[in-house]
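Coordinate analysis (summary)
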Amino acid sequence: MTPENRTGNGKLALTPELREAVRAIARTEHLLVAMDFDGTMAPIVGHADDARPLPRAATAFAGLAVLPRTTTALISGRALASLRKVASPPVDTLLIGSHGAEAWLGPGSAGLTLDGTQKALLTEVRSILADIVAEAPGTMLEDKPAGVVLHTRQAADDVAEDAVAAARSLLEDRKGVFLKDGKRVLETSVVNASKGEGVDFLRQVSGASAVLFAGDDTTDEDALARLKPGDVGVKVGLDFTQAQYRVEAPVHVAELLEVLLRERSLAVVMEDPQD
Ligand SMILES: [Mg+2]
């Protein structure tokens, strides 16, 4: 990163390499724009219910959603209901929730159903985590359709670490329970899914010839790992990543989406004058 890539507030802007990759992917036959939500479309906030997409990002994303040969999708760790509430996605945007365990592919798409074993296991996991939370001030649980999340953001560092370690030791060898680490969260699920499967699934149902994906968290690495030559993977933030490209913050994701909208609009209009 060179100093020229810094904006007025000192944050890294889009590199020339990323701009070129966006220009190139905008010319693909069918484009899938799959975005993580929290920390990518929306800045991270203290209370999950308060998260909202940056207006510029939401506007550009909505513009992409109505273009021909272009599919938009959100891939989030949030439960679908929560994702819908905070993201207010464009009507035809496909949604993957709960790290791939839930999917919404349009009106009439089937919801998640757990079998009896999974339901019983979920009750058991919740009870184990509730015991831990009762002893760890500042930690809390969030229920999802296929799992329970242990949140430690409001807890002291040592309390948070102990709570996660306790949960891990009680659950990691439990058959049918799947754990994921996030930023100050431990996710449990009785469905084995990941954002990687989410990306594969979206690529398949949309018939995309190339995928642009951006995400900020460790669970997004599963999606980045499924990208292919010709796709564009973008890490948001400065943590370790396998992504080809990086931006520093959601404000740059907004800029990225604006560049993509501009380039994609030109590409589809030139080739499909009737649209
Ligand atoms: Mg995120």
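Residues numbered from 1 in each chain as written. Predicted model: local features only at pLDDT ≥ 70, side-chain atom pairs only at ≥ 80, totals over all residues. Heavy atoms only, no water.

1. Quick notes on the packing of helix H4 (residues 116–135) against helix H5 (residues 157–171)
Between H4 and H5, the shortest axis-to-axis distance is 10 Å and the interhelical angle comes to 150 degrees. Here H5 runs roughly antiparallel to H4, going by the angle between their axes. Considering how the two elements wind past one another, H4 and H5 form a crossing that is right-handed. Residues Val 125, Ile 128, Leu 129 and Ile 132 of H4 form the contact with H5, whose participating residues are Ala 163, Ala 166, Ala 167, Leu 170 and Leu 171. Class assignment of the residues belonging to the contact of H4 with H5 gives a composition of 9 nonpolar, no polar and no charged. (Axes fitted to C-alpha atoms, helices over the stretch in contact; angles between N-to-C directions. Helix = DSSP H or I, 4+ residues; strand = E, 2+ residues; numbered from the N terminus. Parallel < 35°, antiparallel > 145°, perpendicular 65-115°, else oblique. Left-handed = near helix turned anticlockwise from the far one by under 90°. Contact = heavy atoms within 4.5 Å. Nonpolar A, V, L, I, M, F, W, Y, C, P; charged D, E, K, R; others polar.)

2. Describing the coordination of the magnesium ion
Distances from the magnesium ion to its protein donors, namely Asp 36 (OD), Asp 38 (O) and Asp 216 (OD), fall within the range 2.1 Å. Mapping the donors of the magnesium ion onto the primary sequence yields the spacing D-x1-D-x177-D. Here the two residues Asp 36 and Asp 38 agree in accessibility, since each one is buried. (Donors = N, O, S within 2.8 Å, 3.2 Å for Na, K, Ca; no water. Buried < 20%, exposed > 50% of the residue type's maximum accessible area, 1.4 Å probe, protein only.)

3. Thoughts on the side chain of Asp 216
Mapped onto the secondary structure, Asp 216 falls in the loop between strand E9 (210–215) and helix H7 (220–225). You can call Asp 216 buried: its relative accessible area is 5%. One polar contact links Asp 216 to Lys 183, side chain to side chain, over a distance of 3.4 Å. Once residues within four sequence positions are removed from consideration, Asp 216 is found in contact with Asp 36, Asp 38, Gly 39, Thr 40, Ile 44, Lys 183, Lys 235, Val 236 and Asp 239. (Polar contact = N/O pair within 3.5 Å; in protein donor to acceptor, adjacent residues only side chain to side chain.)

4. Concerning the pairing of strand E5 (residues 140–144)
Bridging between E5 and strand E6 (residues 147–151) involves 5 bridges; their strand directions are antiparallel. Bridge pairing links Lys 144 to Gly 147 in E6. (Pairing = 2+ DSSP bridges.)

5. Describing the domain arrangement of the chain
When its domains are assigned, the chain resolves into domain 1 (3–111 + 193–271) and domain 2 (116–189). Taken over C-alpha atoms, the centre of domain 1 sits 28 Å from the centre of domain 2. Facing 16 residues of domain 1, the contacting portion of domain 2 comprises 10 residues. Buried area between domain 1 and domain 2, summed over both chains or domains, comes out near 970 Å², and the portion from carbon and sulfur atoms is 49%. Per-residue buried area on domain 1 facing domain 2 is highest for Ala 79, His 99 and Asp 217; these three make up 29% of the total on that side. Applying the counting criterion to the domain 1 and domain 2 interface returns 2 salt bridges. Ionic pairing is found between Lys 183 and Asp 239, a salt bridge with its closest N-O pair at 3.9 Å. (Domains from an automatic or database assignment. Buried area = accessible area lost by both parts, 1.4 Å probe. Salt bridge = Lys/Arg side-chain N within 4 Å of Asp/Glu carboxyl O.)

6. What to know about the nonpolar core
Soluble globular proteins tend to bury their nonpolar side chains together. Counting residues in each nonpolar core, the largest one holds 40 residues, and the members touching the most others are Leu 18, Val 33, Met 35, Leu 212, Leu 257 and Leu 260. At the level of elements, helix H1 (16–25), strand E1 (31–35), helix H2 (55–65), helix H3 (80–87), E9, strand E10 (232–236), strand E11 (245–247) and helix H8 (250–271) are the ones that each hand at least two residues to this core. Look past the residues within four positions of Leu 257 in its chain and what remains in contact with it is Val 33, Met 35, Met 41, Ala 57, Ala 60, Phe 61 and Leu 64. (Core = buried A, V, L, I, M, F, W, Y, C linked by side-chain atoms within 4.5 Å.)

7. Considering H3
Three or more residues of H3 are buried, namely Leu 80, Ser 82, Leu 83, Val 86 and Ala 87. For H3, the angular spread of the buried residues around the axis is 160 degrees, confining them to a single face. Opposite its buried face, H3 presents the exposed residues Ala 81 and Lys 85, each directed more than 90 degrees away. Check the buried side of H3 and you find it contacts strand E2 (70–75), strand E3 (94–97) and strand E4 (102–104). (Arc of directions from axis to C-beta.)

8. A closer look at the sheet that holds E6
The 4 strands lie next to each other as E5-E6-E8-E7, forming an open sheet whose pairing is antiparallel. With partners counted over all chains shown, the strands left at the sheet margins are E5 and strand E7 (178–182), one partner each. Strand-to-strand, the axes of this sheet are offset by a mean angle of 20 degrees, without reference to chain direction. Its contacts with the sheet place H4 against E5, E6 and strand E8 (185–189), and it is angled at close to 165 degrees to E5.

9. Here's the deal with the side chain of Glu 187
Within the secondary structure, Glu 187 sits in strand E8. A distance of 3.1 Å separates polar atoms of two side chains, one belonging to Glu 187 and the other to Lys 144.

10. Re a nonpolar patch on the surface
Together, Leu 105, Phe 201 and Val 205 make up a nonpolar patch on the protein surface, roughly 220 Å² of accessible area in all. Summarising the element assignment, Phe 201 is placed in helix H6 (residues 195–206). (Patch = residues over 30% accessible without salt bridge, like charges linked within 9 Å, V, L, I, M, F, W, Y side chains within 5 Å. Areas by Shrake-Rupley, 256 points an atom, 1.4 Å probe, with all protein chains shown as cover.)

11. Here's the deal with unusual backbone geometry
Note: most residues except glycine have negative phi, and most peptide bonds are trans. Positive phi outside glycine occurs at Ser 88, with the angle close to 40 degrees. Relative to the helices and strands, Ser 88 resides in the loop between H3 and E3. According to the relative accessible area criterion, Ser 88 is exposed, its value standing at 57%. The residue His 99 is not glycine, and still its phi comes out positive at about 55 degrees. Structurally, the position occupied by His 99 is in the loop between E3 and E4.

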